Amino acid sequence: MRLINAFKIAVNNFSLVFKDILYKVIVFTVLGAILGLILKINLKPFFEKLTPVIKDFTDILSSIMKNGEYAEIAESLKTHLTELKNYFSNHVGNLFLLTGISVLFVFLYRFLSGVSDCTVLILVNGYMGTLSHRGYIGVMLENLKKIVVYQLIDALMSIVYFLLVVLVDGVLLRAMIGTLPLVAVFLCAAVTFFAGALYSTCLSQVMSNMLVGNMKVKESFKKGILPKKNYFWKMFAAYLVALVGFMYLSTTTAVFTLGVGTVIIMAFFTVIMASMRQVDYFTINKMKYFIDYDNIIVPKELRENDEQLLNKIEI
């Protein structure tokens, strides 16, 4: 039921999808252009060495298909591979530096795109509490300080966390790909989805506590990192279903809409995740919230209080 409520709330805030897309496209374009320029300037000699290698490979494949001679091309390929190897040997430091710069830009994108995720969450909180539709930029600037604090923590934690997940997946693939390839792929997918659901479950209330609960960092983690037992598995199951559904829809739309639908699905997923986090936040803290003008969810505890209050009134 909470997942359905979150979906309805996300639909009622669908305009946030386009604001999220616009913001993230601008961030991606700016960062991508800067990184692309840096790599193009510094890797120009590398591509000059790589291009002949690719050409020789292509020529060899073409000769094999035509049943032609390729001994001379193979010798050329050997020479060009040696030149490429020498380039790597002589520019190891520069390549490591460029790798570090690329990782930094990934962190920057994760940080800056997360600013929009936080803004969407605050806007969804306002809608659920008062049915308000505040301005996207105004809310972002108004809450920028606490958004930046949260994003610095979340961006670093998420990158480290999912690098560990990739490491685990790599170990599983290496151990099983030769004997049980299908099982290995299934286990890697399962580990990835379960890890994503676990991360969302544990960080959901930390995010809400900091951004809309106005708690300090330490208090937010203390009260939010492990939701109460009654809620933990419900939240975990909901996030797991949402992640699997998102992956299915984004993959399908990537094939049938050439990626256009995927962009919309990704932005809508941001709104759904914000709605799920806020439904959990309102539920855990036993607060009323709106789905729309005609539907308001009242926790059982508040309904009982209302009934007791009515019993004391003489009619």
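See above for the structure.
So, here's what we can say about the structure. (Residues numbered from 1 in each chain as written. Predicted model: local features only at pLDDT ≥ 70, side-chain atom pairs only at ≥ 80, totals over all residues. Heavy atoms only, no water.)

### With respect to the overall build of the protein chain
Item 1. Along the protein chain, the regular secondary structure elements total 12 helices and two strands.
Item 2. For a compact globule of 315 residues, the expected C-alpha radius of gyration is about 20 Å, and the protein chain comes in at 26 Å, more than 25% above that figure.
Item 3. With the C-alpha coordinates aligned to their principal axes, the bounding extent of the protein chain is approximately 105 × 45 × 40 Å.
Item 4. Going through the 315 residues of the protein chain one by one, you find that 37% of them count as buried.
Item 5. The contacts in the protein chain between residues at least 6 apart in sequence include a share of 72% that link residues at least 24 apart. (Helix = DSSP H or I, 4+ residues; strand = E, 2+ residues; numbered from the N terminus. Rg over C-alpha atoms; globule rule 2.2 N^0.38 Å. Buried < 20%, exposed > 50% of the residue type's maximum accessible area, 1.4 Å probe, protein only. Contact = heavy atoms within 4.5 Å.)

### Considering the pairing of strand S1 (residues 289–292)
Looking along a regular strand, one sees side chains alternate from face to face of the sheet.
Item 1. As defined by bridge partners, S1 adjoins strand S2 (residues 295–297) across three bridges and the pair is classed as antiparallel. In the strand pairing of S2, Phe290 is matched with Ile296.
Item 2. Where S1 folds back onto S2 in an antiparallel hairpin, the turn is made up of two residues. (Pairing = 2+ DSSP bridges.)

### Some remarks on the nonpolar core
Item 1. In this structure, Ile9, Met128, Tyr150, Leu211 and Met276 are the most contacted members of the largest nonpolar core, which totals 60 residues.
Item 2. Examining the composition of this core, we find that 13 residues originate from one element, helix H11 (residues 260–284), more than from any other.
Item 3. When near neighbours in sequence (up to four residues on either side) are disregarded, Ile9 contacts Val124, Tyr127, Met128, Ser275, Val279, Tyr289, Phe290 and Ile291.
Item 4. Counting 10 residues, the second-largest nonpolar core is a separate cluster that includes Ile60, Ile73, Leu84 and Leu95. (Core = buried A, V, L, I, M, F, W, Y, C linked by side-chain atoms within 4.5 Å.)

### Quick notes on the packing of aromatic side chains
Item 1. Counted under the stated rule, the structure contains 14 aromatic pairs.
Item 2. Between the aromatic rings of Tyr161 and Tyr199, the centroid separation amounts to 5.2 Å while the plane-to-plane angle is 40°, which identifies the pairing as tilted. With Tyr161 in helix H7 (residues 144–176) and Tyr199 in helix H8 (residues 181–211), this residue pair connects regions lying 38 residues apart in the sequence.
Item 3. Judged by centre distance (5.1 Å) and plane angle (85°), the ring pair of Phe232 and Trp233 falls under edge-to-face.
Item 4. Take Phe232: its relative accessible area is 14%, and that puts it in the buried class.
Item 5. One aromatic cluster is present, formed by Phe7, Phe14, Phe18 and Phe268 through successive ring pairs. (Phe/Tyr/Trp six-rings, centres within 6.5 Å; stacked < 30°, edge-to-face > 60°.)

### Describing H7
Item 1. Under the 1.5 Å per step criterion, the end-to-end length of H7 is 46 Å for 33 residues, consistent within 8% with the ideal 48 Å.
Item 2. Within H7 the residues assigned to the buried category are Ile147, Tyr150, Gln151, Asp154, Ala155, Ser158, Val165, Asp169 and Met176.
Item 3. The secondary structure elements touched by the buried residues of H7 are helix H5 (92–130), helix H6 (136–142) and H8. (Expected span 1.5 Å × (residues − 1).)

### What to know about the environment of Ile264
Item 1. Structurally, Ile264 can be placed in helix H11.
Item 2. According to the relative accessible area criterion, Ile264 is partly exposed, its value standing at 34%.
Item 3. Along the chain, Ile264 and Val17 lie 247 residues apart, while their C-alpha atoms are 7.1 Å from each other.
Item 4. Sequence-distant contacts of Ile264, that is, excluding residues within four places in its chain, are made with Phe14, Val17 and Ile21.

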